[in-house]
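# Structural overview for review
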Amino acid sequence: MYQIKHHQDSNILEIENTSDKVYGKIYLNDGASLQELTLNGVPLIQDLSPLTYDTTFASSILFPFANRIKDGLYSFNGSNYQFETNQIEEHNALHGLVYNKTFQVIEQKSNQDSASITLEYIEKSESIGFPYTYTIQLQYVFTQNNLSLKLFVKNTDSKPFPFTLGWHPYFISDNLYDSSLSFDSSQKLEIGTRNITTGIKSIEPVKDLQIEDQKLDDCWVLKSGKIAFKTPRYNLIIDSSVTENMFLQAYTPPKLNAIAIEPTTGVSDSFNNEIGLQILNANDSYEITWGLNINNN
């Protein structure tokens with residue numbers, strides 16, 4: 001039987017089924033980020049200590065933009081806007097506005113086979129950098145071999161706004177050197193100073209990317225929403241429900257045997273270069289689901 005425990009003092013949710021060897025930990029005060037995940041007895045996401053959440057953005061939801069905006073500046077519909085430049089060393093705005101927001105539990109269900117949790121954040125105030133109101137709902141569904149994360153965004157404002165979305169999970173491997181990423185791409189982002197996109201270049205089609213000792217901070221344009229992460233202990237499939245505006249950002253942090261594998265709908269500086277940028281009209285909504293499926297080796 002799946003069990004969901006809400007620790008009110010820390011505002012953390014724990015999800016567990018000992019017979020299915022499933023465990024999850026969601027930090028509601030940190031943007032409802034999934035800070036721990038075990039499926040079928042295999043740890044996939046763990047604490048990155050001594051690295052901290054405010055530097056890793058581990059498992060955070062990236063909205064209204066994924067990655068960076070140069071100097072936090074952009075123009076939309078004839079007006080100029082300024083996000084807070086929360087990445088001080090590069091003087092960029094980084095990873096959107098909801099990674100540090102508190103989400104509320106609006107529904108939870110558990111039975112013998114699964115646990116489902118629906119969480120919500122309602123933005124009622126217009127910020128200087130993003131003068132719009134919106135609602136975000138997240139639905140996490142846990143089963144023995146799978147996790148799905150459905151993200152639903154509604155524009156509750158009276159005017160349209162620009163957006164991209166992303167998810168920033170870090171996965172662990174027993175040996176990252178002997179691990180690999182497989183995905184379908186023949187285009188890669190060109191990244192300039194301060195990790196800002198300068199263009200897109202054609203590359204030899206990617207099938208299997210052996211990680212070895214590479215220090216990754218790279219982004220590819222995906223032809224398919226399917227990404228495979230192969231490690232000595234497990235194989236993981238990451239998939240997306242959308243068929244357009246699909247990108248993969250991969251990053252190796254300064255921690256042994258961990259890698260960020262980030263599905264996104266946009267790239268760095270999308271609010272200016274418009275790569276992957278979408279417009280959500282007043283009262284309209286957008287939905288995307290990312291899934292994880294594990295096979296033990």
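Refer to the structure presented above.
These numbers come from a predicted model, not from an experiment.

What counts, and at which threshold
Residues numbered from 1 in each chain as written. Predicted model: local features only at pLDDT ≥ 70, side-chain atom pairs only at ≥ 80, totals over all residues. Heavy atoms only, no water. Helix = DSSP H or I, 4+ residues; strand = E, 2+ residues; numbered from the N terminus. Rg over C-alpha atoms; globule rule 2.2 N^0.38 Å. Buried < 20%, exposed > 50% of the residue type's maximum accessible area, 1.4 Å probe, protein only. Contact = heavy atoms within 4.5 Å. Areas by Shrake-Rupley, 256 points an atom, 1.4 Å probe, with all protein chains shown as cover. Lys, Arg positive; Asp, Glu negative; His and termini not counted. Charge placed at Lys NZ, Arg CZ, Asp CG, Glu CD. Salt bridge = Lys/Arg side-chain N within 4 Å of Asp/Glu carboxyl O. Polar contact = N/O pair within 3.5 Å; in protein donor to acceptor, adjacent residues only side chain to side chain. Core = buried A, V, L, I, M, F, W, Y, C linked by side-chain atoms within 4.5 Å. Phe/Tyr/Trp six-rings, centres within 6.5 Å; stacked < 30°, edge-to-face > 60°.

## Thoughts on the overall build of the protein
- Along the backbone of the protein there are two helices and 26 strands.
- A compact globule built from 297 residues should have a C-alpha radius of gyration of about 19 Å, and the protein, at 18 Å, falls within 12% of that.
- Referenced to the eigenvectors of the C-alpha coordinate spread, the extents of the protein come out at roughly 55 × 45 × 35 Å.
- Buried positions account for 54% of the 297 residues belonging to the protein.
- A separation of at least 24 residues holds for 64% of the contacts in the protein among residues at least 6 apart in sequence.
- When the accessible surface of the protein is totalled, it reaches about 12900 Å², and 44% of it is carbon and sulfur.
- Mean positive and mean negative side-chain charge positions of the protein (21 and 35 charges, respectively) differ by 2 Å.

## A look at the pattern of salt bridges
- With the rule as written, the count across this model stands at eight salt bridges.
- With its nearest N and O atoms 3.7 Å apart, the salt bridge here joins Lys-25 to Glu-36. One end of the pair, Lys-25, is in strand S3 (residues 22-27); the other, Glu-36, is in strand S4 (residues 33-39), with eleven residues separating them in the sequence.
- On the basis of relative accessible area, Lys-25 is assigned to the buried category, the value being 18%.
- Between Lys-109 and Glu-107 there is a salt bridge, with the nearest N and O atoms lying 3.9 Å from each other.
- By relative accessible area, Glu-107 is classed as partly exposed at 38%.
- Bridged by salt links that share partners, the residues Glu-126, Asp-157 and Lys-159 form one connected network.

## Things to note about the side chain of Glu-14
- Relative to the helices and strands, Glu-14 is located in strand S2 (residues 12-17).
- At 4.7 Å, Lys-25 is the nearest oppositely charged side chain to Glu-14, a buried residue that forms no salt bridge.
- At 2.6 Å, the side chain of Glu-14 and the side chain of His-7 are in polar contact.
- The residues touching Glu-14, leaving out its near neighbours within four places in the chain, are Gln-3, Ile-4, Lys-5, His-7, Tyr-23, Gly-24 and Lys-25.

## As for the environment of Asn-80
- The residue Asn-80 is located in strand S9 (residues 79-82) in this model.
- Judged by its relative accessible area of 66%, Asn-80 falls in the exposed class.
- Considering only alpha carbons, one finds Asn-80 and Gly-129, 49 residues apart in sequence, at a separation of 8.8 Å.
- The residues contacting Asn-80, other than those within four sequence positions of it, are Tyr-74 and Ser-75.
- Polar side-chain contacts of Asn-80 include one of 2.5 Å to the side chain of Ser-75.

## Notes on the nonpolar core
- In this structure, Ile-26, Leu-44, Phe-142, Phe-171, Leu-181 and Phe-229 are the most contacted members of the largest nonpolar core, which totals 72 residues.
- Core analysis: the second largest hydrophobic core is formed by six residues, Cys-219, Val-221, Phe-247 and Val-267 among them.

## Observations concerning the packing of aromatic side chains
- Enumeration over the complete set of coordinates arrives at 27 aromatic pairs.
- With a centroid separation of 5.6 Å and an interplanar angle of 50 degrees, the aromatic rings of Tyr-132 and Phe-161 are classed as tilted. One end of the pair, Tyr-132, is in the loop between strand S12 (115-123) and strand S13 (134-142); the other, Phe-161, is in strand S15 (residues 161-163), and 29 residues separate them in sequence.
- With a centroid separation of 5.0 Å and 55 degrees between ring planes, the pair formed by Phe-183 and Trp-220 is classed as tilted. Of this pair, Phe-183 sits in strand S18 (residues 180-191) while Trp-220 sits in strand S20 (residues 217-221), and the two are 37 residues apart along the sequence.
- A relative accessible area of 4% places Phe-183 in the buried class.
- Judged by its relative accessible area of 4%, Trp-220 is buried.

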